[in-house]
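Chain residues, written in single-letter form:
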Amino acid sequence: MNKNEKFVITINREVGSGGHTVGAKLAAKLGAPYYDKAVIQGLMDKYHLSVEEVERLKGRKQDWWSDFKRVIGIGPGLTGSVVDEPDLFSAGDLFRAEKEILLGIAESESCVIAGRSGFFVFQDHPNHLSIFITAPMEQRIQRLVKKQGLSTEEAKKTIEKLDTARENYVQKYTGTTRYDTRNYDLVISMNGKTEDEIADLILQYIG
């Protein structure tokens, strides 16, 4: 990946690995906006961005995403909290609309994107770095216990539930598994490392 040209970095990660935070820190170090799934879903829900509406916006002007951000008043580095998936869309519609929005973002600007299908959406992008971040189960459990105030058992059940849901989603809409390392340029374990250390490691790889 050439950081001196328009780029997109996608970060897929295991729940509780700290990968989301790594992505935010990496984006800040690169001076690029950071987008997560909650933001994209929130935009789709609030502004009724169906597949057809996204395509209409993209057809009006090449740099439609920059115009859209300006109109709705959002700035770089916007992230959001987890939200319920919009009732406006079926799962298939949601995936297709999300894909179109992500492709539009990358056409408009360099960015770091956290999301379960990023590796697939940008597989043909000429300047794309795909990363998967994992961590030992015990570390993942302890992170959720600390961050969300869950019991150890609750954290383990949450991780297992989300792992299954994300894997089913990826398999259904991409025809592959998110655990196939061939989908990534970098696979990184958080074992014993901080988010800053991993962000710096990625920067060293980029050069």
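Anything mentioned here points back to the structure above.
Analysis parameters
Residues numbered from 1 in each chain as written. Predicted model: local features only at pLDDT ≥ 70, side-chain atom pairs only at ≥ 80, totals over all residues. Heavy atoms only, no water. Helix = DSSP H or I, 4+ residues; strand = E, 2+ residues; numbered from the N terminus. Buried < 20%, exposed > 50% of the residue type's maximum accessible area, 1.4 Å probe, protein only. Contact = heavy atoms within 4.5 Å. Areas by Shrake-Rupley, 256 points an atom, 1.4 Å probe, with all protein chains shown as cover. Expected span 1.5 Å × (residues − 1). Arc of directions from axis to C-beta. Pairing = 2+ DSSP bridges. Axes fitted to C-alpha atoms, helices over the stretch in contact; angles between N-to-C directions. Core = buried A, V, L, I, M, F, W, Y, C linked by side-chain atoms within 4.5 Å. Salt bridge = Lys/Arg side-chain N within 4 Å of Asp/Glu carboxyl O.

Along the protein chain, the regular secondary structure elements total nine helices and five strands. Walking the protein chain from its N terminus toward its C terminus, one meets helices and strands in the order β-α-β-α-α-α-α-β-α-β-α-α-β-α. Expressed as a percentage of its 207 residues, the buried residues of the protein chain come to 48%. In the protein chain, of all internal contacts separated by at least 6 residues, the share reaching a separation of at least 24 is 75%. A total accessible area of about 10,500 Å² is found for the protein chain, and carbon and sulfur atoms account for 48% of it.

We now examine helix H1 (residues 19-30). For H1, with 12 residues, the first-to-last C-alpha span of 16 Å sits near the 16 Å given by 1.5 Å per residue. If you check which residues of H1 are buried, you get Gly19, Val22, Gly23, Leu26, Ala27 and Leu30. Summarising the axial view, the buried residues of H1 lie within an arc of 130°, below the 170-degree limit, and thus occupy one face. In the core, the buried residues of H1 are packed alongside strand S1 (8-13), strand S2 (34-35), strand S3 (111-114), strand S4 (128-134) and helix H9 (195-206).

This brings us to the environment of tyrosine 35. The residue tyrosine 35 is located in strand S2 in this model. In this structure tyrosine 35 comes out as buried when scored by relative accessible area, which is 0%.

A few words now on the sheet that holds S4. Spatially, the five strands line up as an open sheet ordered S2-S3-S1-S4-S5, and their pairing is parallel. Where the open sheet ends on each side, the last strands, each with one partner, are S2 and strand S5 (186-189). Bridge count for S1 against S3 is four bridges, and the pairing is parallel. Within S3, the residue paired with valine 8 across the bridge is cysteine 111. Contacts from H1 reach S1, S2, S3 and S4, with the element oriented near 165° to S1.

Generally speaking, a soluble globular protein has its nonpolar side chains buried in company with each other. In terms of nonpolar packing, the biggest core is built from 21 residues, with Ile9, Ile11, Leu30, Ile131, Ile133, Ile198 and Ile202 touching the most fellow members. When residues of this core are traced back to their parent elements, those giving at least two are S1, H1, S3, S4, S5 and H9. In terms of residues, this core owes the most to one element, H1, which gives four residues. Among all residues touching leucine 30, those that are not within four sequence positions of it are Lys3, Phe7, Ile9, Leu203 and Ile206.

As a further point, take the pattern of salt bridges. As enumerated under the stated definition, the model contains eight salt bridges in all. As a salt-bridge pair, arginine 140 and glutamate 14 come within 3.6 Å of each other at their nearest N and O atoms. Taken as a pair, arginine 140 in helix H7 (residues 137-148) and glutamate 14 in the loop between S1 and H1 lie far apart in primary sequence, 126 residues in all. Salt-bridge contacts for arginine 178 lead to glutamate 167; the nearest nitrogen and oxygen are separated by 3.9 Å. Here glutamate 167 lies in helix H8 (residues 152-174) and arginine 178 lies in the loop between H8 and S5, a separation of 11 residues in the sequence. What makes glutamate 167 buried here is its relative accessible area of 11%. One salt-bridge network, held together by shared partners, links Glu14, Arg140, Asp163, Glu167 and Arg178.

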